[in-house]
Amino acid sequence: MNICKNLMPTMRQLDGFTKYCRASYFAFIHSSPNFSVEVHTPDQEVVIALGSNVGDRLHNFNEALQLMRKSGIQITRHGCLYETAPAYVTDQPNFLNSAVRAVTQLGPHELLGALKKIEKEMGRTDGIRYLPRPIDLDILFYGKLRVSSEILTVPHERIWERPFVIAPLMDLLGSTVDNDTVACWHSFSMHSGGLFDAWEKLGGETLTGKEGLKRVLPIGKGLWDWSTKTSVMGILNLTPDSFSDGGKFQSVEAAISQVRSMISEGADMIDIGAQSTRPMASRISVQQELDRLIPVLEAVVGMPEAEGKIISVDTFYSEVAAEAVSKGAHIVNDVSAGLLDSNMFRVVAGLKVPYIAMHMRGDPSTMQNSENLKYDNVCKQVASELYSRVREAELIGIPAWRMIIDPGIGFSKNCDHNLDVLMGLPNIQAEIGRESLAMSHAPILIGPSRKKFLGEICSRTAGTERDPATVASVTAAVLGGANIVRVHNVRDNVDAVKVCDAMLRHRKSVSPS
């Protein structure tokens, strides 16, 4: 869905903010050989664009962000990650592009100097403009200021003609205006609807997902464009007490056989869990979880059939996450979104792998108590609580471009709540989009497989009898915007997903908008 277009009415709030900025807050910096003024104020909010098309582009981004922090640039928000075709000089490799919001006490020209120093340290040399480069750092906005000098123009003079700049810039905003600085940024576009109008006039969301502008998430050695198809994640439980298949795959041999079967049936991802998170499950120690997990993980990673498949580890322990990634896991899937281990965000930030943050209240032993099942508006509150977790993760150092969100079907929710979530994924996205368009664009994972609420609806006591109900719920989720479905029965759900994807492609071809 096009979050920006759907929420455009909220941009009426811009008018008052813009008039306020124009009356009181705009400043102008001009410098020439005979005239120079530098304004120093604490904690100016800035927007910096990043681009790279030489070497390990993602490593270049990570290094640049680290050097920016060391230079007094405190990063507060990240845009999504885009792979883009080169502009102007087209005979060169594709770029990675993104942008960040940050606060700094550096003046505008000091900030420019700091960014040029980073570019030089990372190997960029002076030469012909628009040619390949390991890193390109541009100041798009600096507080509420317009800057014009021989070496710096702010807002950046070519923002309005470049989709690869506007797209990540949009990600740094919410669909509502969060402060008067952002209102000024909107007014710089000279459109009545602010930056949203500028983006729509370039083509808006219709531009993404195409060869020239693909929103991607780095997994393993590749870049995943989740707009092309829905991914099926097969579940491998190594626990003796999971609600559906506990005890079936505790030996390495049985686990490998199950993984081989799921891959042959079309699984794109395998999610390996060694700790039960069913309601009222007892928690095991880090060491117990590792003892169950690592032998199987090592065997799975070594399988020829697993080549090119994504391996996820389902854990809420940071120590388990770190060890699993060191043994070859590509993703950390945390049902608690960092609530059960205060070190999780910091560890995952250092691991530089994708992070699945799921909504849950309490822990598995308390999540279904009466207090944790109280909602006034389940979609709105799930979105708000989930956003607060990913926001904290982002501030600690997990960029938005590594985030995957899971509304937590069956966790701290009763049957009606689960149905509300399944039917309300666009509402959850839109609610998150009020705060951060980048987070609203994050891939959504849905895991309804064989859950209790399906048994309640269909009068199916045994988990294995709920596969047809799972297919129905997966269908609803995919048509509502889910990008990953986590299931026990891979074969039937792969077929369901293929049909849903075909319907979505057909709908898009009939109505491109």
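The name an unreviewed UniProt entry gives the protein is Folate synthesis bifunctional protein, mitochondrial-like, with Prunus avium as the organism.

In this section: the environment of Ser52. Examined against the element boundaries, Ser52 turns out to sit in strand E2 (residues 44–52). Taking the C-alpha atoms as reference points, Ser52 and Asn94, separated by 42 residues in sequence, lie 8.5 Å from one another. Contacts of Ser52, omitting those with residues within four sequence positions, involve Arg57, Asn60, Phe61, Asn94, Phe95, Leu96, Arg133, Pro134 and Ile135. In this structure the side chain of Ser52 is engaged in a polar contact, spanning 2.9 Å, whose partner is the side chain of Asn60. Within the structure, the side chain of Ser52 is placed 2.6 Å from the backbone oxygen of Pro134, a separation counted as a polar contact.

To continue, consider unusual backbone geometry. For the peptide bond that leads from Val154 to Pro155, omega is 0°, which places it in the cis range. Mapped onto the elements, Pro155 comes out in the loop between strand E8 (153–154) and helix H5 (163–171). Residue Ser412 is not a glycine yet carries a positive backbone phi of 60°. For Ser459, which is not glycine, the phi torsion reads 55° and is therefore positive. Tracing the backbone through its elements, the reader meets Ser459 in the loop between helix H16 (452–458) and helix H17 (467–480). Judged by relative accessible area, Ser459 falls into the exposed class, the value being 64%.

Core analysis: the largest hydrophobic core is formed by 107 residues, its most contacted members being Leu236, Ile270, Ile272, Leu293, Val332 and Tyr355. The element best represented in this core is helix H12 (residues 378–396), accounting for eight residues. Residues from two domains meet in this core; each of domain 1 (44–215) and domain 2 (229–510) gives at least three. Apart from the residues within four sequence positions on either side, Leu293 is in contact with Leu238, Ile272, Ala274, Val313, Val320 and Ala324.

Let's shift gears to H5. The buried count for H5 comes to eight of nine residues, which makes it a mostly enclosed element. Of all the residues in H5, the buried ones are Phe164, Val165, Ile166, Ala167, Pro168, Leu169, Met170 and Asp171.

In this section: the confidence of the model for the protein. Averaged over every residue, the pLDDT of the protein is 90; residues scoring 70 or more account for 88%. Considering only residues more than four positions removed or in separate chains, one finds that residues 16–25, a stretch of pLDDT under 50, has 16 contacts. When the criterion is pLDDT under 50, residues 32–36 qualifies, and its contacts beyond four places in sequence or with other chains add up to four contacts.

The eight strands lie next to each other as E16-E15-E14-E13-E12-E11-E18-E17, forming an open sheet whose pairing is parallel. Whereas interior strands pair on both sides, the edge strands pair on one side only; in this sheet they are strand E16 (403–406) and strand E17 (445–446). With four bridges joining them, strand E15 (residues 355–358) and E16 adopt parallel strand pairing. Bridge pairing in E16 links Ile356 to Ile404. Where helix H9 (residues 286–301) meets the sheet, it contacts strand E11 (231–237), strand E12 (269–273) and strand E13 (310–314), and its direction lies at approximately 175° from that of E13.

This part covers the packing of aromatic side chains. The tally for this structure, following the rule as stated, stands at six aromatic pairs. Through pairs of rings, three or more aromatic residues link up here, namely Phe141, Trp185 and Phe188. Taking NZ or CZ as reference, Arg361 lies 3.9 Å from the ring centre of Tyr375, over its face.

Pairing of side chains with opposite charge becomes possible as their charged atoms draw close. Going through the model one piece at a time under the given rule, you end up with 24 salt bridges. Linking Glu45 and Arg101 is a salt bridge whose minimum nitrogen-to-oxygen distance equals 2.7 Å. One end of the pair, Glu45, is in strand E2; the other, Arg101, is in strand E5 (residues 95–104), with 56 residues separating them in the sequence. According to the relative accessible area criterion, Glu45 is buried, its value standing at 14%. Judged by its relative accessible area of 2%, Arg101 falls in the buried class.

Analysis parameters
- Residue numbering note: each chain is counted from 1, following its sequence as written.
- Two thresholds apply to this predicted model, a pLDDT of at least 70 for residue-level local features and 80 or more for giving and counting side-chain atom pairs, whereas whole-chain, interface and lining totals are computed over all residues.
- Derived side-chain values reflect all non-hydrogen atoms in the structure, with water molecules and hydrogen atoms excluded from consideration.
- Helical segments are the DSSP runs of H or I of at least four residues, strand segments are the runs of E of at least two, and each set is numbered from the N terminus.
- Note on contacts: a residue pair qualifies if any of its non-hydrogen atoms lie within 4.5 Å across the two residues.
- In protein, a polar contact requires one atom able to donate a hydrogen and another able to accept it; more generally it is a pair of N or O atoms within 3.5 Å, and residues adjacent in sequence count only if both atoms are side-chain atoms.
- Throughout this description, buried means an accessible area under 20% of the type-specific maximum (1.4 Å probe, protein chains only), exposed means over 50%, and partly exposed covers the range between.
- Side-chain atoms within 4.5 Å link the members of a nonpolar core, which is a set of buried Ala, Val, Leu, Ile, Met, Phe, Trp, Tyr and Cys residues.
- Delimitation of the domains relies on an automatic or database domain assignment.
- A residue's pLDDT is the confidence the predictor assigns to it, expressed on a 0 to 100 scale.
- Criterion used throughout: strands pair if DSSP finds at least two bridges between them.
- Comment: axis = line fitted to C-alpha atoms, over the contacting stretch for helices; angle = value between 0 and 180 degrees taken between N-to-C directions.
- Only rings of Phe, Tyr and Trp enter the pairing, Trp through its six-membered ring, and a pair is recorded when the two centres are within 6.5 Å. The plane angle decides the type: under 30 degrees is stacked, over 60 is edge-to-face, the rest tilted.
- By definition, being over a ring means that NZ of Lys or CZ of Arg is both within 6 Å of the ring centre and within 35 degrees of the ring normal.
- Salt bridges, as used here, are contacts in which a Lys or Arg side-chain nitrogen is within 4 Å of a carboxyl oxygen on Asp or Glu.

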